[in-house]
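# Topology and contacts: notes
Residue strings, one per chain:
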Amino acid sequence: MEFFDFMPVQAWITLGIVTLLFIALLKNLAPPDLLFLGATATLALLGIISAEQAFAGFSNSGMLTVAMLFVVAAALRETGVLDYLGHKVLGGARTEKGVLARLASVVIPMSAFLNNTPIVSMFMPIVLDWSRRNQVSPSKLLIPLSYLAIFGGTCTLIGTSTNLVINGLIIENGLPGMSLFEIGWIGVPYALIGIAYLALAGRLLPERKELLEQLGESRREYLAEMLVQPGCRLIGQSVETAGLRQLPGLFLIEIDREGQTIGPVSPDDLLHANDRLVFTGIVSSIIELEKIAGLVPIADPDYEVSPKQQRRRRLCEAVISENSPLVGKTIRGAEFRATYGAAVVAVHRGGHRVEKKLGNVTLKPGDTLLLQVRSHFLRAHRNDPAFYLVSDVDDWRPLRRDRAWIALGLFLALIFLMTTGLVPTLVAATLCAVAMVAMGCISSGDARSSVEWQVLVTIAAAFGVGTALENSGAATAIATALVESTQIWGPIAALAVIYILGSILTELITNNAAAVLMFPFCLETARLYDADSRPFLIALMLSASASFMTPIGYQTNMMVYGPGGYRFSDFLKIGGPLNLLLAIVAIVLIPWIWPF
């Protein structure tokens, strides 16, 4: 410990700046990217690091790979690949443990290869809808959803940005980089034990019954008529197998088949080509129906079914006014395309359900229409006397379904290139992202907006702080103190301390920042013990992702925090024992798989 007495002045200055950075992050005084940029620039100004070192993180291969993978994940979402997988998952689940098992079987493999944020974003509404239908509090399922995504991220090199960032640092320091599945040797048992814990410790999760009342609140229900086109994937499936009974707030009233009406509809009724399906449902469920390729609204012949043309359109709701020229006209006779550049998707009439075929419905004042419109419709008709109110449907986006197989093929090609190592990971990810844009799986504008720039700037700026800890001698001083305090027990004790410190830091600041700041300590500890650095770096990878005890340590925890009705203490109660269990697993298995 006497080493601290001889620590250079620059080391003390660096530790002081890092301490102030931690305090600012904990108190949320400014966004993390701004704080890290400020700290890095200050260290460069004081001469502790050069200007090149301060901003070298912006060219780090790990950080740039993260940026490319944001685009890849967004393209899979835009083409409907992720949505299709998501809605297939919870089809037959009847219990909480059934939901957990189904989520684990899909979320973990998906998050092993894709960014966790879009995966949790996609599954959250699905879990909420299942909870509402089965009268189960979503607080029992949303924390497990976030944790499962974290488990999946520990199974491959590209599973989380933290792994890529650490691998980028490993390569920059002249050490051999990691293969795609190397971390899986510890990540897979890590994930399996985590799943078992969630299954057994479910009683520790809170049950917020008040959330069920919020989920069950009354919402405007529309009547929609859909046509099963030839080639639709629903043909030959039963109503239940097709997933038409699982959508929340949706009811299949009847099937019109060649003039014959089938109703009430049984779950076992098979769907045929050219069936006309009549639904009543809320907007979000009508939107989900629209995502099924080959199932199209037929209330209005002007509805646009071409995927290319659909991408130029949006959905909005419009309430017909008392003096509207539409009053007294049928939907088919109103000529929405000629007059408004719009087409009717569904109709809501307060008080009672519309009984006729939608195309023949005579419009009345107060009827609410769900419209497919051109992009300028809202601006052009906001003050139109034909409507009381016009508002966008924010949740709707036209999927590029015609590009789904292309997106899936490109993604599988990416996994092949990464697995075989034929080209560097960054090159493979960049080629895949560029191809996604070039092949029309995602627009260039959407590709740019899919990149989480704040995350990337935080990662890049954190490299400068990590370099300062190394250059100033602060890392050496702390690592020496760590080795001295654990020398009696050997490198396993040092590995345990690194894991615990990494786990604590990732709960307090971002996981990527914790990884970058701890990296020099790992290298220095390995050097002082004359040991291989690999075990320490693997421990850092796992611990930096092990954010289970607080909602602030990881983005997916924050995403489920509000919708799950959680309190800060809920994460501590369920995540504390999990952190301890996984720490033991890591400390035992890592030295066995990667000897010192």
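Just above sits the structure.
## Re the side chain of S139
Within the secondary structure, S139 sits in the loop between α7 (116-134) and α8 (142-153). At 2.6 Å, the side chain of S139 forms a polar contact with the side chain of S137. A polar side-chain atom of S139 sits 2.8 Å from the main-chain carbonyl oxygen of P206.

## Some thoughts on the side chain of D570
Locating D570 in the fold gives a position in helix α25 (residues 568-593). Excluding residues that lie within four positions of it along the chain, D570 makes contacts with P206 and R208.

## A word on the pairing of strand β7 (residues 342-348)
In terms of residue burial, β7 counts as a mostly covered element, since 7 of its 7 residues are buried. The sheet contact formed by strand β1 (residues 222-228) and β7 spans 2 bridges and is antiparallel. The partner of L223 across the bridge, within β7, is V347. In the sheet, β7 pairs with strand β8 (residues 368-374) via 6 bridges, with the strands oriented antiparallel. Across the sheet, residue V347 finds its bridge partner in β8, namely L369.

## Points about a nonpolar patch on the surface
On the surface, a nonpolar cluster with roughly 420 Å² of combined accessible area is contributed by V9, I13, L45 and L46. Topologically, L45 is positioned in helix α2 (residues 32-45).

## Considering the pattern of salt bridges
Taken as a whole and assessed by the stated rule, the structure comprises 4 salt bridges. Note that E182 is salt-bridged to R534, the shortest N-O span being 2.9 Å. Of this pair, E182 sits in the loop between α9 (161-172) and α10 (184-200) while R534 is found in helix α23 (residues 534-545), placing the two residues 352 residues apart along the sequence. Accessibility expressed as a relative area gives 12% for R534, which makes it buried. Residue D275 is joined to R257 by a salt bridge in which the shortest nitrogen-to-oxygen separation is 2.8 Å. One end of the pair, D275, is in the loop between β3 (260-262) and β4 (276-281); the other, R257, is in strand β2 (residues 250-257), and 18 residues separate them in sequence. We note that D275, like R257, is buried.

## Side note on the nonpolar core
Y147 and F151 are the most contacted members of the largest nonpolar core, which has 139 residues in total. For this core, the element with the highest residue contribution is helix α22 (residues 511-529), accounting for 12 residues. The contact partners of Y147, leaving out residues within four places of it in the chain, are L198, S547, F548, N557, F571, I574, G575 and L578. Of all hydrophobic cores here, the second largest spans 26 residues; its members include V228, V239, I255 and V283.

## Here we look at unusual backbone geometry
Unusually for a residue other than glycine, N274 sits at a positive phi of about 70°. Mapped onto the elements, N274 comes out in the loop between β3 and β4. A residue is classified by how much of its surface remains accessible, and N274, at 47% relative accessible area, is partly exposed. Notably, D530 is not glycine yet its phi reads approximately 55°, a positive angle.

What counts and what doesn't
- Residues numbered from 1 in each chain as written.
- Predicted model: local features only at pLDDT ≥ 70, side-chain atom pairs only at ≥ 80, totals over all residues.
- Heavy atoms only, no water.
- Helix = DSSP H or I, 4+ residues; strand = E, 2+ residues; numbered from the N terminus.
- Polar contact = N/O pair within 3.5 Å; in protein donor to acceptor, adjacent residues only side chain to side chain.
- Contact = heavy atoms within 4.5 Å.
- Buried < 20%, exposed > 50% of the residue type's maximum accessible area, 1.4 Å probe, protein only.
- Pairing = 2+ DSSP bridges.
- Patch = residues over 30% accessible without salt bridge, like charges linked within 9 Å, V, L, I, M, F, W, Y side chains within 5 Å.
- Areas by Shrake-Rupley, 256 points an atom, 1.4 Å probe, with all protein chains shown as cover.
- Salt bridge = Lys/Arg side-chain N within 4 Å of Asp/Glu carboxyl O.
- Core = buried A, V, L, I, M, F, W, Y, C linked by side-chain atoms within 4.5 Å.

Any link to function would need more than the numbers given here.
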